[in-house]
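# Working through the structure, step by step
One-letter residues, chain by chain:
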Amino acid sequence: MEPRDSRLAKNEAVFREVNERVVGITQEFGSLGDRPSEPVGGLICECSDPGCLERVGPLTISEYETVRRDPLRFIIAPNHQALDVETVVEQHTSYWIVEKHEGVPADVARARDPRN
Ligand SMILES: [Zn+2]
C-alpha cells in the first residue's frame, strides 16, 4: 500500500488542479483577468480527504494567486488540515491555508505543481 503521507499529498494535488481550471475558466469567460480583487466562487477544498467536496472561499483572484505561487500551499475548509503532513499558516473565515511539511508531502506537492 502507498504510504499515507504520499497518498494524502496526491489527493490534495488533484483538487488543486481542479481549482486551477475553475479559476482559469472564470478568467477566460468572465472579465476577471484584469480585476484581481474580484472574488472567485466555486473553489473546492484542497484537503487530503478524497471524499471531501466542500466549497471554500470565495477568495479574490489575487488571494488565490498568492497561495498558488507557493507550490507547498493549499486552500482548505477550516479544520480540514492533516497535521501530520502539513501546518496551518493562515486562518480566514471561509478558508484556511496549509503548508506541506518538508519530505514526502512537500516533494509530491512540488512534483505536481500545476504552475511548474
Ligand atoms: Zn476538505
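The shown structure was predicted, so the numbers you read here are calculated from the model rather than taken from an experiment.

Turning our attention to the overall build of the chain. Assigned secondary structure in the chain consists of 3 helices and 7 strands. When the elements of the chain are put in sequence order from the N terminus, they spell out α-β-β-β-β-α-β-β-β-α. Radius of gyration (C-alpha) of the chain: 14 Å, near the 13 Å computed for a compact globule of 116 residues. Considered along the principal axes of its C-alpha atoms, the chain spans approximately 45 × 30 × 25 Å.

Summarising the metal site, the zinc ion is bound by the protein donors Cys45 (SG), Cys47 (SG), Cys52 (SG) and His80 (ND1), whose distances to it range over 2.0 to 2.3 Å. Its 4 donor atoms give the zinc ion angles of 104 to 114 degrees at the centre, a pattern that matches the tetrahedral case. Positions of the donor residues of the zinc ion, expressed as sequence spacing, correspond to C-x1-C-x4-C-x27-H. Relative accessible area serves as the criterion here: at 6%, Cys52 is assigned to the buried category.

Take the sheet that holds strand β6 (residues 86–91) next. Spatially, 3 strands are ordered β5-β7-β6 in an open sheet, and the strand pairing comes out antiparallel. The outermost strands of the open sheet, each flanked by one partner alone, are β5 (73–76) and β6. With direction set aside, neighbouring strand axes in the sheet form an average angle of 30 degrees. Of the strand pairs in this sheet, β6 and strand β7 (residues 96–100) are connected by 5 bridges, and their pairing is antiparallel. Considered in β7, the bridge of Glu86 is made with Lys100. Across the sheet, helix α2 (residues 61–68) is in contact with β5 and β7; its angle to β5 comes to roughly 135 degrees.

For helix α3 (residues 104–111), the set of buried residues is Pro105, Ala106, Val108 and Ala109. In an axial view of α3, the angular spread of the buried residues amounts to 165 degrees, which keeps them on one side of the axis.

Let's shift gears to the nonpolar core. Within soluble globular proteins, side chains that are nonpolar tend to cluster in buried spots. Ranked by internal contacts, the top residues of the largest apolar core, which has 22 residues, are Cys45, Val56 and Ile75. Looking at this core, the elements with two or more residues in it are α2, β5, β7 and α3. In this view, Val56 contacts Leu43, Ile44, Cys45, Ile75, Ile76, Ala77, Ser94 and Tyr95; residues no more than four positions away in its chain are not counted.

Before going further, it helps to examine the side chain of Ser48. Its place among the elements puts Ser48 in the loop between β2 (43–44) and β3 (55–56). In this structure, Ser48 is in contact with Leu8, Asn11, Glu12 and Ala82, ignoring residues within four places of it in sequence.

Cut-offs applied
Residues numbered from 1 in each chain as written. Predicted model: local features only at pLDDT ≥ 70, side-chain atom pairs only at ≥ 80, totals over all residues. Heavy atoms only, no water. Helix = DSSP H or I, 4+ residues; strand = E, 2+ residues; numbered from the N terminus. Rg over C-alpha atoms; globule rule 2.2 N^0.38 Å. Donors = N, O, S within 2.8 Å, 3.2 Å for Na, K, Ca; no water. Tetrahedral: all angles 85-135°; square planar, octahedral: opposite > 155°, others 65-115°. Buried < 20%, exposed > 50% of the residue type's maximum accessible area, 1.4 Å probe, protein only. Pairing = 2+ DSSP bridges. Axes fitted to C-alpha atoms, helices over the stretch in contact; angles between N-to-C directions. Contact = heavy atoms within 4.5 Å. Arc of directions from axis to C-beta. Core = buried A, V, L, I, M, F, W, Y, C linked by side-chain atoms within 4.5 Å.

So, to be careful, I would describe these as geometric facts and stop short of saying anything about function.
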